[in-house]
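Fold and geometry: a report
One letter stands for each residue in the lines below.
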Amino acid sequence: KEYFLSTQYMKDVNDRGGSGCKGRLAEEFGHVITDLWTGRNASLNPRNLKRTIDQFAPHFAGYEQHDAQELLAFFLDGLHEDL
């Protein structure tokens with residue numbers, strides 16, 4: 001939590017590509033964490049995070065039911081590659 005709230009992650013973002021999401025997944029996740037923990041809003045809509053996931057993993061596009069384990073594996077791998 002502190003890593004993302006301090007924006008330290010921005011210094012570590014790998015935006016050069018490779019097999020990751022060019023830093024976009026880490027950036028959007030950082031925004032979600034910041035919004036959650038700062039308490040500025042009573043609710044949170046992670047729309048941009050969802051759009052980023054859809055862009056780099058089109059099989060998650062739309063709002064049909066998907067395998068949560070597969071999504072989590074993609075998400076964690078994407079964060080690992082982005083940072």
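Up top is the structure these notes are about.
1. Side note on the nonpolar core
If you look at the biggest cluster of nonpolar residues, it comprises 15 residues, and the most contacted ones within it are Leu25, Phe29, Leu49, Ile53, Phe74 and Phe75. Breaking this core down by element, the ones donating at least two residues are helix H3 (24-38), helix H4 (47-56) and helix H5 (68-82). At 5 residues, H3 tops the list of elements feeding residues into this core. Ignoring anything within four residues of it in the chain, the contact list for leucine 49 reads Leu25, Glu28, Phe29, Val32 and Phe75.

2. Some details on a nonpolar patch on the surface
A surface patch of nonpolar side chains, amounting to about 310 Å² of accessible area, comprises Leu36, Trp37 and Leu44. Considering the arrangement of structural elements, one finds leucine 44 in the loop between H3 and H4. The class of leucine 44 is partly exposed, set by a relative accessible area of 33%.

3. Observations regarding the pattern of salt bridges
Tallied over the full model, the rule gives 2 salt bridges. Between lysine 1 and glutamate 2 there is a salt bridge whose closest N-O contact spans 3.9 Å. Residue lysine 1 is classed as partly exposed on the basis of its relative accessible area of 48%. Between lysine 50 and aspartate 54 there is a salt bridge, with the nearest N and O atoms lying 2.7 Å from each other. Of the two residues, lysine 50 and aspartate 54 both sit in helix H4, 4 residues apart, roughly one turn of that helix. Residue aspartate 54 is classed as buried on the basis of its relative accessible area, which comes to 18%.

What counts as what
- Residues numbered from 1 in each chain as written.
- Predicted model: local features only at pLDDT ≥ 70, side-chain atom pairs only at ≥ 80, totals over all residues.
- Heavy atoms only, no water.
- Core = buried A, V, L, I, M, F, W, Y, C linked by side-chain atoms within 4.5 Å.
- Buried < 20%, exposed > 50% of the residue type's maximum accessible area, 1.4 Å probe, protein only.
- Helix = DSSP H or I, 4+ residues; strand = E, 2+ residues; numbered from the N terminus.
- Contact = heavy atoms within 4.5 Å.
- Patch = residues over 30% accessible without salt bridge, like charges linked within 9 Å, V, L, I, M, F, W, Y side chains within 5 Å.
- Areas by Shrake-Rupley, 256 points an atom, 1.4 Å probe, with all protein chains shown as cover.
- Salt bridge = Lys/Arg side-chain N within 4 Å of Asp/Glu carboxyl O.

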